[in-house]
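Observations on the three-dimensional arrangement
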Amino acid sequence: MSFDASVKIHQSGKYTSTKNNKSGACGLYGYFRHIDRKTDKMNGKEVHHSNENINADFTMQNESYYKDENGNWVKTCHSSEMVEAVHRRITYAKEHGARIYDSGKNDTTIVRPLLVQLDEETILQHENTWIFDTIEEIENMFGKENIVGFCVHKDETSTHIHVVFTPVYEYTDKKGNYKCSVSQTKFFRSPKELAGMHKKLRVALQNKGYDIEQENKPIEEQLAGYTDSNGVWHQQGLTPDQLKQLTDRDTQLKIGEIEMRLKQDEIARLEEAMKSVQEKAKQNQEQLDNERKSLDSERANLEKDKMTVQSQMQTIINEKVAVEQMKKETEAMMEQAYDTASICTQILNDEKNLNGKFLEFLDRESERTQKPIRQAVESLYKKFQNERKSNLSSWSMEMLRVRDERKKNGKTGTYDFNIIDTDSQSHSDYGLMM
C-alpha cells in the first residue's frame, strides 16, 4: 500500500510538487482533466494525456465521484461538478472567516490531492468494498466535509485512487467563536507526520479486515521515534535526517576501512615480492663478493708482478746493455700474467649466463611491481665501478692503458673492467665482458 500527498494546487491556479519540485499553471481544471478523464471521454471531450502508462482502452472503467450539497457521493456527469464541490467547501470556509490569497508566498493551497494505492491482491479480496472503505478512513483522517471528490483509475499500470482534499481547518477562537481557515500546514506539519498518516491509514484498513503488511521503517526512523496505536508520531531522539547523516558517515567509514584493508593487502604482497627480490639480491651479492675476492687475489698477484717489473726496469736503466733482453723477459712475464687473466676470463664467462638470468629476473620484477628495480641495481653497480676506478693506483691505470693498446692490436685475453654490461640496450645482451 502507498500513500502520497506531494501535490499542491493554489488559489492562483498554480500547482507545485514537493516530490520533484515541478510546477505549472493548470489549476483545478487541469488537475480534474487528468483525473476525471472518463467523464471527458463520455462527453466527447477526450484529450491526449502525456502519461505513457494510460491505456485508453480501459479509461471507461474508471470511476469518478463528487460530494453534492447534501454531503452524498454522486457519480460525475461533468468535470465541472467536482470543481463546484471544491468551490462550495472553500466558500463555506470564507463565510466563516477564512482568508484566501492568490499571489506570492501566501498563495493559498485550496486543494491538496491525495493518492492511495492498494496492491491488486488486496483489491481482489475486497472488490466491492475497498473503494469506500478507503474513502471512509480518509474522511476520518482529514474531515468528512473536506473530502469533496475522488477518482478511481483502472486504466494505468496499477489501480489507485485520486482523492480531492480541501484543507479547511475548523476551530473555536479565544472568544468562543466558530472559525475556519484554509491551511494545508494544519494537516501536514512535517514529513514525519505525513509518514504517520500513512501508518495510520494502514492500521485503520487492517482493523477493517484488510491483510496489509506494515512496511519496515528505515533504522533512522525507528531510532528517531515511534508511531502509537492511533497512528500518531512521537519524536524521541534525533531526526531521521540527522540519523541518516550519521548512517551515511558510518557507511563511508566502513568503505574507507575496506579500501584501507585492500591497500594493506597490496602492500603486504609488495613487501613479500621485495623480500624475494632482496633474497635474490643477497645471493647475487654474495656471488659478487666471491668474484671480488678472486679479483683482489688476482690484483695482488699483479701487484707482485708490478714490483718485479719495476725491479727489472731499474736493472735495465742501470744496465743499458741488457735492455733488449730485459724487454723480452718483461714481455714474457706479461704474457704469463695475461694467460692467468685468460683463465679468470673463462671462469667469469661461465657465470655470464647466470648474470643474464639475474638481469632478466630484475626486468620481470620491474614490470610486475611497476618499479625500476633493474635500473636501481645497475645504478648501484655503476657507483661501485666508479669507486673502484677512483681507488686504482697509477700502476693499475697504466696496466689498463696497456690493455687498451693490446685490444687495438687485436690481441686476445684482455680483461674488461665491467662485470655487468650496464650499457646494453637489449635484454638479450647480458653477461660478463672479458
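Located above this text is the structure these notes cover.
The notes below deal with the structure included here. (Residues numbered from 1 in each chain as written. Predicted model: local features only at pLDDT ≥ 70, side-chain atom pairs only at ≥ 80, totals over all residues. Heavy atoms only, no water.)

Let's shift gears to the overall build of the chain. In terms of helices and strands, the chain carries 12 helices and 14 strands. Just so you have it, the chain exposes about 26900 Å², and 49% of that area is on carbon and sulfur atoms. (Helix = DSSP H or I, 4+ residues; strand = E, 2+ residues; numbered from the N terminus. Areas by Shrake-Rupley, 256 points an atom, 1.4 Å probe, with all protein chains shown as cover.)

Let's shift gears to the sheet that holds strand β4 (residues 23-24). What the 4 strands build is an open sheet, ordered β4-β3-β2-β7; its pairing is antiparallel. Two strands in the sheet have a free side with no partner beyond their single neighbour: β4 and β7 (109-111). Pairing analysis gives 2 bridges linking strand β3 (residues 15-17) to β4, with the strands arranged antiparallel. Bridging across to β4, Thr16 finds its partner in Ser23. (Pairing = 2+ DSSP bridges.)

So, about the nonpolar core. One finds Leu114, Ile138 and Phe142 to be the most contacted residues of the largest nonpolar core, which totals 27 residues. For this core, the elements supplying multiple residues, two or more each, are β8 (114-117), α5 (130-142), β9 (147-153), β10 (160-165) and α6 (191-207). Here this core gets 6 residues from one element, more than from any other, and that element is α5. Those residues in contact with Ile138 that sit more than four places away from it in its chain are Phe3, Leu114, Val116, Gly143, Ile147, Val163 and Leu201. One finds Ile9, Tyr66, Val86 and Ile90 within the second-largest nonpolar core, a separate group that totals 21 residues. (Core = buried A, V, L, I, M, F, W, Y, C linked by side-chain atoms within 4.5 Å. Buried < 20%, exposed > 50% of the residue type's maximum accessible area, 1.4 Å probe, protein only. Contact = heavy atoms within 4.5 Å.)

Moving on, we come to the layout of surface pockets. Here the largest pocket is characterised by a volume of approximately 930 Å³. As for the largest pocket, its lining consists of 25 residues, of which Val7, Tyr15, Tyr31, His34 and His162 are closest to the centre. Elements that contribute at least two residues to the lining of the largest pocket include exactly β1 (2-4), β2 (7-10), β3, α1 (27-35), β8 and β10. Per-element tally for the lining of the largest pocket: the top contributor is α1, with 5 residues. (1 Å grid on protein atoms, 1.4 Å probe; cavity = no way out; pocket = protein on both sides within 12 Å on 5 of 7 lines; lining within 4 Å. Points joined across faces, edges and corners; volume = space filled by probe spheres on them.)

Relative to the elements of secondary structure, Asp36 occurs in the loop between α1 and α2 (37-42). C-alpha of Asp36 to C-alpha of His153: the two residues are 117 residues apart in sequence and 8.9 Å apart in space. Ignoring anything within four residues of it in the chain, the contact list for Asp36 reads Ser64, Thr76, His78, Ser79 and Cys151. Polar side-chain contacts of Asp36 include one of 2.7 Å to the side chain of Thr39. (Polar contact = N/O pair within 3.5 Å; in protein donor to acceptor, adjacent residues only side chain to side chain.)

The next point concerns the pairing of β8. Residue alternation in β8 divides its side chains into a buried set, Leu114 and Val116, and an unburied set, Leu115 and Gln117. As defined by bridge partners, β1 adjoins β8 across 3 bridges and the pair is classed as antiparallel. Among the inter-strand pairings, Phe3 is bridged to a residue of β8, identified as Val116. When β8 meets β10, the two strands line up antiparallel, connected through 3 bridges. Bridging from a neighbouring strand, Leu114 pairs with Val163 of β10.

This part covers the pattern of salt bridges. On inspection of all chains with the given rule, the structure shows 16 salt bridges. For Asp296, the salt bridge identified is with Arg299, shortest N-O distance 3.5 Å. Highlighted residues: Asp296 and Arg299, both in helix α8 (residues 240-318), separated by 3 residues, approximately one helical turn. The partner of Glu303 in a salt bridge is Lys306, with the nearest N and O atoms 2.8 Å apart. Taken together, the residues Glu303 and Lys306, both in helix α8 and 3 residues apart, mark about one turn of the helix. Note on Lys306: relative accessible area 12%, which makes it buried. Among the charged side chains, a salt-bridge network with shared partners connects Arg37, Asp155 and Glu156. (Salt bridge = Lys/Arg side-chain N within 4 Å of Asp/Glu carboxyl O.)

With respect to topology, 6 strands assemble into an open sheet ordered β1-β8-β10-β9-β5-β6, the strand pairing being antiparallel. Strands with a single pairing partner mark the edges of an open sheet, and in this sheet they are β1 and β6 (73-75). Neighbour-to-neighbour, the strand axes of the sheet open up by a mean angle of 20°, direction not taken into account. Across 3 bridges, strand β5 (residues 63-67) lies against β6 in antiparallel orientation. Bridged to Tyr66 within β6 is Val74. Contacting β1, β5, β6, β8, β9 and β10, α5 crosses the sheet at an angle of about 145° to β9. (Axes fitted to C-alpha atoms, helices over the stretch in contact; angles between N-to-C directions.)

The next point concerns the environment of Ile54. You can see Ile54 is positioned in the loop between α2 and β5. Distance from Ile54 to His153, taken between C-alpha atoms, is 9.3 Å for residues 99 residues apart in sequence. Residues contacting Ile54, with those up to four places away along its chain left out, are Arg37, His49, Thr59, Asp155 and Glu156.

Read these as geometric descriptors, not functional statements.
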